[in-house]
Amino acid sequence: MPRLSDVIAVLDEQYPPSSAESWDAVGLVCGDPDADVHRVLFAVDPVAAVADEAIDWGADLLVTHHPLFLRPVHGVAATTPKGRLVHRLVTNGAALYTAHTNADSADPGVSDALADAIGLRDLRPLRPDTGEPQDKLIVFVPEPDTPQVLDALTTAGAGIIGNYERCAWMTSGTGTFRPGAGANPTIGAVGDVEEVAEHRLEMVLPRRIRASVIAALYEAHPYEEPAYDIYELADVPTSAGLGRVGVLDEPESLRSFTRRVADALPATVSGVRAAGDPEATVRTVAVCGGAGDSLLDVARRAGVDAYVTGDLRHHPASEALDGGGPALLDVAHWAGEWPWLGRAADRLLEGLAARGNTVETRISQIPTDPWTLHEPGRSAGTGRA
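Our subject in this report is the structure included herewith. Treat the numbers as computed from the prediction; the structure is a model and nothing was measured. (Residues numbered from 1 in each chain as written. Predicted model: local features only at pLDDT ≥ 70, side-chain atom pairs only at ≥ 80, totals over all residues. Heavy atoms only, no water.)

Some details on the packing of aromatic side chains
Working step 1: Under the defined criterion, the tally for this structure stands at three aromatic pairs.
Working step 2: Seen from their ring centres, Y218 and Y228 are 6.0 Å apart, and the 90 degrees between their planes marks the pair as edge-to-face. Residue Y218 is located in helix α7 (residues 210–220), and its partner Y228 is located in strand β9 (residues 227–232); the two are separated by 10 residues in the primary sequence.
Working step 3: Looking at Y218, the relative accessible area reads 38%, which means it is partly exposed. (Phe/Tyr/Trp six-rings, centres within 6.5 Å; stacked < 30°, edge-to-face > 60°. Helix = DSSP H or I, 4+ residues; strand = E, 2+ residues; numbered from the N terminus. Buried < 20%, exposed > 50% of the residue type's maximum accessible area, 1.4 Å probe, protein only.)

Regarding the side chain of T258
Working step 1: In this structure, T258 sits in helix α8 (residues 254–264).
Working step 2: For T258, a relative accessible area of 15% translates into the label buried.
Working step 3: There is a polar contact of 2.8 Å between the side chain of T258 and the backbone oxygen of L254.
Working step 4: The residues contacting T258, other than those within four sequence positions of it, are V272, A274 and L329. (Polar contact = N/O pair within 3.5 Å; in protein donor to acceptor, adjacent residues only side chain to side chain. Contact = heavy atoms within 4.5 Å.)

Some words on the sheet that holds strand β14 (residues 327–331)
Two pairing modes exist for strands in a sheet, parallel and antiparallel, and in both the strands are linked by backbone hydrogen bonds.
Working step 1: Taken together, six strands build an open sheet; the order of strands is β5-β10-β12-β13-β14-β11 and the sheet is mixed. Of all the strands in the sheet, just β5 (121–128) and β11 (272–275) have a single pairing partner and so form its edges. Across the sheet, the mean angle from the axis of one strand to that of its neighbour is 25 degrees, orientation sign disregarded.
Working step 2: Against the sheet, helix α5 (residues 110–117) makes contact with β5, β10 (241–253), β12 (281–291) and β13 (306–310), and its axis sits at roughly 140 degrees relative to β12, the strand it touches most.
Working step 3: Against the sheet, α8 engages β10, β11, β12, β13 and β14, with an angle of about 125 degrees to β10. (Pairing = 2+ DSSP bridges. Axes fitted to C-alpha atoms, helices over the stretch in contact; angles between N-to-C directions.)

Quick look at the environment of R300
Working step 1: With respect to the helices, strands and loops of the structure, R300 is situated in helix α9 (residues 296–302).
Working step 2: Given a relative accessible area of 36%, R300 falls into the partly exposed group.
Working step 3: Residues R300 and A262, 38 residues apart in the sequence, show an inter-C-alpha distance of 23 Å.
Working step 4: Residues contacting R300, with those up to four places away along its chain left out, are G323, G324, G325 and P326.

What to know about the environment of T91
Working step 1: Structurally, T91 is set in helix α3 (residues 81–91).
Working step 2: With a relative accessible area of 64%, T91 lands in the exposed category.
Working step 3: Sequence separation between T91 and I55 is 36 residues; the distance between their C-alpha atoms is 9.8 Å.
Working step 4: From its side chain, T91 meets the backbone oxygen of H87 in a polar contact 2.7 Å long.

Some details on the nonpolar core
Working step 1: Formed by 46 residues in total, the largest nonpolar core has its most connected members in L61, F257, V308, W340 and L348.
Working step 2: Among all residues touching F257, those that are not within four sequence positions of it are I118, L248, E252, V282, V285, A306, V308 and L329.
Working step 3: Of all hydrophobic cores here, the second largest spans 16 residues; its members include A59, F69, L85 and A94. (Core = buried A, V, L, I, M, F, W, Y, C linked by side-chain atoms within 4.5 Å.)

Looking at the pattern of salt bridges
Working step 1: Enumeration over the complete set of coordinates arrives at 22 salt bridges.
Working step 2: Where D263 meets R259, a salt bridge forms, and the shortest distance between an N and an O atom there is 3.1 Å. Here R259 and D263 lie together in helix α8, a separation of four residues that amounts to about one turn.
Working step 3: Each of D135, R207, R210 and E232 takes part in a single network of salt bridges with overlapping partners. (Salt bridge = Lys/Arg side-chain N within 4 Å of Asp/Glu carboxyl O.)

Remarks on the packing of α5 against helix α12 (residues 339–354)
Working step 1: At a minimum axis separation of 8 Å, α5 and α12 run at an interaxial angle of 115 degrees. Where α5 crosses over α12, the handedness of that crossing is right-handed. Facing V110, A113, L114, D116 and A117 of α5, the residues of α12 in contact are P339, W340 and R343.
Working step 2: Residue classes in the contact of α5 with α12 are distributed as six nonpolar, no polar and two charged. (Left-handed = near helix turned anticlockwise from the far one by under 90°. Nonpolar A, V, L, I, M, F, W, Y, C, P; charged D, E, K, R; others polar.)

Things to note about the sheet that holds strand β1 (residues 27–30)
Working step 1: Spatially, the five strands line up as an open sheet ordered β1-β4-β3-β2-β15, and their pairing is mixed. Two strands in the sheet have a free side with no partner beyond their single neighbour: β1 and β15 (360–363). Direction aside, neighbouring strands of the sheet carry axes that sit 25 degrees apart on average.
Working step 2: Pairing analysis gives four bridges linking strand β2 (residues 39–43) to β15, with the strands arranged parallel. Counted as the bridge partner of R39 is E360 from β15.

A closer look at the packing of helix α2 (residues 48–57) against α3
Working step 1: Put simply, α2 and α3 touch, their axes get as near as 10 Å, and they point 5 degrees apart. The orientation of α2 relative to α3 falls into the category roughly parallel. Seen from α2, the contacting residues are A48, A51, D52 and I55; seen from α3, they are L85, R88 and L89. (Parallel < 35°, antiparallel > 145°, perpendicular 65-115°, else oblique.)

Structural notes on α3
Working step 1: Along α3, the residues classified as buried are G83, L85, V86 and L89. Viewed end-on, α3 has its buried residues packed into an arc of 160 degrees, placing them on one side of the element. The exposed residues of α3 that point more than 90 degrees off its buried face are P81 and T91.
Working step 2: The inward-facing, buried residues of α3 contact β1, α2 and β4 (95–98).
Working step 3: Where α3 ends, the next residue or the one after it, G93, has phi of about 75 degrees, a positive value. (Arc of directions from axis to C-beta.)

As far as function goes, none of this settles anything; it's purely spatial.
Here's what the structure looks like:
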């Protein structure tokens, strides 16, 4: 049986907290990292009904997509609904963990599950992440001293590419210089021209650690004044990012596609709304789990036939259609994210199995969409003048 810290390590590996938006609040909300975990319940929302389900089932951990707290708090007294929820979980030995925007942008993530549910293939990000900004360091080192400089730069965090470290490229050449008055040269003498066999050493590094890598370079390099260059590398799109774009096996009308989406997602009171010509052909589709009207322009530029997301507002949707955008399908926020729960549970089990552990998982079937009643409006022509 794994400890909570083991389970969190797998979840953080699948959905790195560092990839969450700056305004988000993800990770462990409450729970003892040393506690054993036998049962894990997955749900979209950390609400009272879901907490009741977790406690009744005997879950040791509740994993939700939406955070319980998005704003700073100074206490969790049981005098508020969220405070009571935390107290109930803690009292009954259930931890709470959130994976929100870090699960949205993961590969695979929330939008992959939505795309798969409605039958899209050949997926790619709608708005790709570019990864962490990178620099390239080029430094010239006397050949005998290259190993110590390379090791120092590696220790400082340079030279990591994927699962590899101490990555570097070297070539040999001749460096030349003449020490001036006041210099204290490691090689040669003031006023004399020197030629030295040197390595040109190249390594990449995250831009955020540039200062510490340069400090390590000066500490390890034998020269009084090391010669080096720093280049800021261009951003390169990754396979992670918000939303997904894919294609249907066969084109179909917007009317038929809307029915497909409704059948693929859990039922909600609001169902699925569509905007556009019902007989228009749909083949290429963009999706974004949750609220996606911030990506309306991105979907238009992607040239898709339809865009599936949630929480579409009147004015942005109307303006997007007038601007030549794709047909729009508005699904319930909860329903568009619910397919991810099963994927997240599977990834947790796979990650734990690789470590020699396992847990029992369960997907909450409680519909936490807040709307409970829908009454269709009057048919055209029956309203008052």
